[in-house]
Every structure is written in C-alpha cells, then in structure tokens.
Amino acid sequence: MKKLFLMVVAAFMATTSINAQTAGEVYLKPTVGGTLTTVTNHSEAKMKLGLVGGFELGYNFSENFGVTLGALYTMQGAKNDDGDKASYDYINFPLLANVYVTKGLAIKAGPQIGFLTKAKSEDIDVKSLCNKVDISIPVGLSYEISDFVIDARYNFGVTKIFKSHADGWNIDSNDARNSVIMLTVGYKIPL
C-alpha cells in the first residue's frame, strides 16, 4: 500500500499536463483499483484488501460541476486476528456529484446502491443470511492528469449487512455495516 501511495505522489509531481473540464462533455471512464474494507460494529473485524473494477459514465454541466453514474464490481468484507476472512462482493452503482474546486481536482459525493453477488465466511456460503441490497454514501476526491483520473473515496455503509435472524451464526452484531476505502485509476474516453 505504501508503494502504491508513493507511486501516486510521484505521478502527481512528474505530470504537468492537466485536462480542464468542458461544459457539455460526456465521457466513459473504465476504472480499476483496490479496496481496503471492514465491517463496523463487529469487535473482531480487521481491514481486508480487495479489488474494484468497472466503469463510470460522466457528464459535465459546467467547468465546475459534473455528475457520474458508475457500475463497479467491488470486493468487500473483513478479516479477524486469526486471518479468517469474510467476503461480501457487490455490484455497486454510485451516482456522484463532482464539484471541481480547482483545475483537475474534484470533490465528490452522492448515493450508491449495491447488489450482493457473493457472501462467504471462510468457505461457508452465508449469502442467505445477508441483505441483498446495500446502500452507502461515497465521498471522496479525484484528480485528473491528462485523461487519467486518480480517485480516492470512502463509502459509509447505511444499511445492515446481515438480516435480523443471523444470530445463530456467531455474528456478534446484527448492526454490522460495510466500511470501504477505495483507490482507483481510470481513463476518460470522450463520447
């Protein structure tokens, strides 16, 4: 993770070409990256690494404001001190407002709906114990270098991961929610 962070900082320093936002611009942005995830309100939950990939469709209403709608496959979950992992994979659809505070730098926030595709605790399928829909609120920053976009965001989980009758599965909190840190790199393709 440190190496990835240092590479991103070096890319910022080495780059002099920045794309300005153009009103009426429509683009498709394939994106790929990593996640650092856990679940809240669970005493033994530790951060777990995962991957994220997909695309976003964007539209800039003005030089300072745009929106994106994405479709991202996101590996989420947690691990404990013994290294046991719980994996909850989602197809997430974030709808984000992008406010450009300076050339190339945007603050972003909005709602996200996710649909559970896989839920495993070690090798046991626990999908039947989980809610199929996950609502979260992503907030973050993005920075554009030429047509490349580096995006960092945090997803606050709003809905509970588990259904109310999951008590019999050694889950110490039915109030557990997803907590996701995401770092991606995308490439803007004008449409």
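As a reminder, the structure under discussion sits directly above these lines.
These remarks concern the structure in this document. Keep in mind it's a predicted model, so treat the numbers as computed, not measured. (Residues numbered from 1 in each chain as written. Predicted model: local features only at pLDDT ≥ 70, side-chain atom pairs only at ≥ 80, totals over all residues. Heavy atoms only, no water.)

### What to know about the nonpolar core
To keep things clear, this is the line we draw: Put simply, buried Ala, Val, Leu, Ile, Met, Phe, Trp, Tyr and Cys residues joined by side-chain atoms within 4.5 Å make one nonpolar core. For every residue, the accessible area obtained with a 1.4 Å probe (protein chains only) is divided by the maximum for its type, and the residue is called buried under 20%, exposed over 50%, and partly exposed between those limits. Helix and strand definitions here come from DSSP, where helices need a minimum of 4 consecutive H or I residues and strands a minimum of 2 consecutive E residues; each element is numbered from the N-terminal end.
Counting 14 residues, the largest nonpolar core has Val39, Tyr88, Cys130 and Ile161 as the members making the most contacts within it. Element by element, the count of residues in this core is highest for strand S4 (residues 85–102), at 3 residues.

### Details of empty space enclosed by the protein
Defined as follows: Within this scheme a cavity is a closed region of a 1 Å grid, computed over the protein atoms alone, that accommodates a 1.4 Å probe without allowing it to escape, whereas a pocket is open but has protein on both sides within 12 Å along at least five of seven lines; lining residues each have an atom within 4 Å of a point. Grid points are joined across faces, edges and corners, and a volume is the space filled by probe spheres set on the points. Residues are grouped as follows: Ala, Val, Leu, Ile, Met, Phe, Trp, Tyr, Cys and Pro are nonpolar; Asp, Glu, Lys and Arg are charged; all remaining types, including Gly, are polar.
Across all of its chains, the model carries 2 cavities of 30 Å³ or more by this definition. Here the largest cavity defines a volume of roughly 40 Å³. Contributing to the lining of the largest cavity are Lys29, Thr31, Val52, Glu56, Leu72, Asp151, Arg153, Met182 and Thr184. Looking at the lining of the largest cavity, the elements with two or more residues in it are strand S1 (26–39), strand S2 (48–60), strand S9 (148–157) and strand S10 (178–187). Of the residues assigned to the lining of the largest cavity, the class counts are 3 nonpolar, 2 polar and 4 charged. Taken as a whole, the second largest cavity spans an internal volume of roughly 30 Å³. Along its surface, the second largest cavity is lined by Tyr27, Lys29, Thr68, Asn98, Tyr100, Lys108, Ser142, Glu144 and Val149. Of all the elements in the fold, those that place two or more residues in the lining of the second largest cavity are S1, S4 and strand S8 (133–145).

### Remarks on unusual backbone geometry
Even without a glycine there, the phi angle at Glu122 is positive, about 60°. Along the polypeptide, Glu122 turns up in the loop between strand S6 (112–121) and strand S7 (124–125). With a phi close to 55°, Ser146 is a non-glycine residue in the positive phi region. Structurally, the position occupied by Ser146 is in the loop between S8 and S9. The class for Ser146 is partly exposed, based on a relative accessible area of 28%.

### Focus: the pairing of S8
Defined as follows: For two strands to pair, DSSP has to find at least two bridges joining them.
Bridge count between strand S5 (residues 105–109) and S8: 5 bridges; the pairing is antiparallel. Bridged to Lys108 within S8 is Gly140. Two strands pair when backbone bridges link them, and S6 and S8 are joined in this way by 4 bridges, in the antiparallel orientation. When the bridges of S8 are listed, Ile113 appears paired with Ile135. Pairing between S8 and S9: 10 bridges, direction antiparallel. Within S9, the residue paired with Ile145 across the bridge is Phe148. Here S8 hands over to S9 after 2 residues, with Ser146 in that stretch at a positive phi of 55°.

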